Amino acid sequence: MAKLRDPRSGCPWDVEQDFSTIAPYTIEEAHEVADAIARGDMADLRGELGDLQLQVVFHARMAEEAGHFTLADVIAGISDKMVRRHPHVFGDTAHSDGVAAQRGWEAIKAEERASRRETGALAGVALGLPALMRAEKLQKRAARTGFDWPDATGSRAKVIEELAEIDAAADDAARAEEFGDLLFAVVNWARHCGVDAEAALRAGNAKFERRFAAMEVEAGDAFAGLSLEAKEELWIKAKARGL
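Just so it is clear, the model here is predicted, and its values are computed rather than measured.

A. Spatial organisation of the overall build of the protein. Looking only at helices and strands, the protein has eleven helices and zero strands in total. Start at the N end of the protein and walk to the C end: the helices and strands fall as α-α-α-α-α-α-α-α-α-α-α. Scaling as 2.2 N^0.38, a compact globule of 243 residues should have a C-alpha radius of gyration of about 18 Å, whereas the protein reaches 24 Å, well beyond that. Taken along its principal axes, the extent of the C-alpha atoms in the protein is 60 × 55 × 40 Å. Looking at the 243 residues of the protein, the share that counts as buried comes to 23%. In the structure as shown, the protein presents an accessible area of about 16100 Å², 59% of it carried by carbon and sulfur atoms. One finds the centroid of the 31 positive side-chain charges in the protein at a distance of 4 Å from the centroid of its 43 negative side-chain charges.

B. Main features of helix 3 (residues 42-65). When the terminal C-alpha atoms of helix 3 are compared, their 35 Å separation across 24 residues agrees well with the 34 Å that a helix rising 1.5 Å per residue should span. Of all the positions in helix 3, only Leu45, Glu48, Gln55, Phe58, His59, Ala60, Met62 and Ala63 are classed as buried. In this fold, the buried residues of helix 3 make contact with helix 1 (12-16), helix 2 (19-39) and helix 4 (71-85). The backbone nitrogen of Ala43 has a side-chain oxygen 3.3 Å away, supplied by the residue at the start of helix 3, namely Asp41.

C. Region of interest: the nonpolar core. Leu132, Ala135, Val187, Ala190 and Ala197 together form the largest nonpolar core, which totals five residues. When sequence neighbours within four positions are dropped, the list of residues in contact with Ala190 reads Val195 and Ala197.

D. Local environment of the pattern of salt bridges. Across all of its chains, the model carries twelve salt bridges by this definition. In this structure, the salt-bridge partner of Arg61 is Glu65, at a minimum N-O distance of 3.3 Å. Pair noted here: Arg61 and Glu65 are both in helix 3, with a separation of four residues, about one helical turn. Its salt-bridge partner being Lys140, residue Glu136 comes within 3.4 Å of it at the nearest N-O pair. Of this pair, Glu136 and Lys140 both sit in helix 7 (residues 131-144), four residues apart, which is roughly one turn of that helix.

E. The environment of His59, seen in detail. Following the sequence through the fold, His59 ends up in helix 3. Along the primary structure His59 and Met82 are separated by 23 residues, whereas in three dimensions their C-alpha atoms are 21 Å apart. Contacts of His59, omitting those with residues within four sequence positions, involve Phe19, Ile22, Ala23 and Thr26.

F. Broad picture of the side chain of Asp14. Within the fold, Asp14 resides in helix 1. No salt bridge is formed by the buried Asp14, whose closest oppositely charged neighbour, Arg5, lies at an N-O distance of 7.0 Å.

G. Structural view of the packing of aromatic side chains. Throughout the structure, instances matching the rule amount to four aromatic pairs. Here the aromatic rings of Phe208 and Trp235 are separated by 5.5 Å at their centres, their planes lie at 45°, and the arrangement is tilted. With a gap of 27 residues between them, Phe208 in helix 10 (residues 197-219) and Trp235 in helix 11 (residues 228-240) connect regions that are remote in the sequence. Aromatic rings pair up to connect Phe208, Phe212, Phe223 and Trp235 into one cluster. Its guanidinium or amino end placed over the ring of Phe223, Lys231 lies 5.2 Å from that ring's centre, counting from NZ or CZ.

H. Region of interest: the packing of helix 2 against helix 3. Closest axis-to-axis distance for the helix 2/helix 3 pair is 9 Å, and the angle between their directions is 160°. Classified by the angle between their axes, helix 2 and helix 3 sit roughly antiparallel to one another. In the packing of helix 2 onto helix 3, the handedness of the crossing is left-handed. Contacts from Phe19, Ile22, Ala23, Tyr25, Thr26, Glu29, Ala30, Glu32, Val33, Ala36, Ile37 and Arg39 in helix 2 reach Asp44, Leu45, Glu48, Leu49, Asp51, Leu52, Gln55, Phe58, His59, Met62 and Ala63 in helix 3. The class makeup of the residues in the contact of helix 2 with helix 3 is 14 nonpolar, three polar and six charged.

Scoring rules and cut-offs
The numbering scheme is per chain: residues are counted from 1 as the chain's sequence reads. Only residues with pLDDT of at least 70 are given local features in this predicted model, and only at 80 or more are side-chain atom pairs given and counted; all residues enter the totals for whole chains, interfaces and linings. Derived side-chain values reflect all non-hydrogen atoms in the structure, with water molecules and hydrogen atoms excluded from consideration. The secondary structure listing takes helices from DSSP runs of H or I that are at least 4 residues long and strands from runs of E that are at least 2 residues long, numbered from the N terminus. Radius of gyration here is computed from C-alpha atoms only, and the compact-globule reference equals 2.2 Å multiplied by the residue count raised to the power 0.38. Throughout this description, buried means an accessible area under 20% of the type-specific maximum (1.4 Å probe, protein chains only), exposed means over 50%, and partly exposed covers the range between. To measure how exposed things are, a 1.4 Å probe is used in the Shrake-Rupley method; for residues, cover is taken only from the protein chains shown. Charged residues are defined here as Lys and Arg on the positive side and Asp and Glu on the negative side; His and the ends of the chain fall outside this count. We put the charge of a Lys on NZ, of an Arg on CZ, of an Asp on CG and of a Glu on CD. Multiplying 1.5 Å by the residue count of a helix minus one yields the expected span of that helix. Whether two residues are in contact is decided by their heavy atoms: any pair within 4.5 Å suffices. Pairing of N or O atoms within 3.5 Å defines a polar contact, subject to two protein rules: one partner must be a possible hydrogen donor and the other a possible acceptor, and residues neighboring in sequence count only if both atoms are side-chain atoms. Among buried residues, those of type Ala, Val, Leu, Ile, Met, Phe, Trp, Tyr and Cys that are joined through side-chain atoms within 4.5 Å constitute a nonpolar core. Throughout this description, the term salt bridge denotes a Lys or Arg side-chain nitrogen within 4 Å of a carboxyl oxygen of Asp or Glu. Aromatic rings from Phe, Tyr and Trp, with only the six-membered ring used for Trp, were paired whenever their centres fell within 6.5 Å, and each pair was classed as stacked if the ring planes differed by under 30 degrees, edge-to-face if by over 60, and tilted otherwise. Should the NZ of a Lys or the CZ of an Arg lie within 6 Å of a ring centre and within 35 degrees of the ring normal, that charge is described as sitting over the ring. Axis definition: a line fitted to C-alpha atoms, over the contacting stretch in the case of helices. Angles run 0 to 180 degrees between N-to-C directions. For classification, angles of less than 35 degrees are called roughly parallel, those exceeding 145 degrees roughly antiparallel, those between 65 and 115 degrees roughly perpendicular, and all remaining angles oblique. By definition, any crossing whose near helix is turned counterclockwise from its far helix by less than a right angle is left-handed, and any crossing with a clockwise turn is right-handed. In the scheme used here, Gly and all other residues not listed as nonpolar or charged are polar, with Ala, Val, Leu, Ile, Met, Phe, Trp, Tyr, Cys and Pro taken as nonpolar and Asp, Glu, Lys and Arg as charged.

Structure representation (structure tokens):
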């Protein structure tokens, strides 16, 4: 990476990049890692982990050039953090079960946020997370303060309430806002049902892709010209095949 970034002999594209231009690639590579895992493709996972690691090296190199930190600092920092957050493994404090260990982890994270002057229960939830994942993290943080439904009944009722508010929206702007509230409520309902909303939507996307591809294969070149009713029949066939 140092050679790629060399102003005289490096790659022009690599040289002109900065943190903000590389960040989208970092996010993309993380998603491609998750995709390889979801598909159970270990050969692809090996390659995608390399691509993701390259992103860490890229950011660290740019930081080193600017005098902020080095790759060694990054690795030392995460190693120290893992030791600090696992006193039940690396220290003298022994937890008898996983629940106690998780509570200790959360308490240490809270202390770290406080030391960084991140005030409030919701502080530090990354803005760059996928929206469904970030919604779940915000809800979990709020739940630790007692601001949460006691069970899935309340969160389900909230989804129904938000549907009605969409129907009653006065204009497009209000409707868009209510859709945001609906999605947030659906994530909350999923959380109470023990469902990872982000993973569930990824699986739903994959299912749609499989069924749609099967429809295209069966209809061939005629697919685009079929009526909606004919396409629905193809969809039902694909569903019946377990796709």
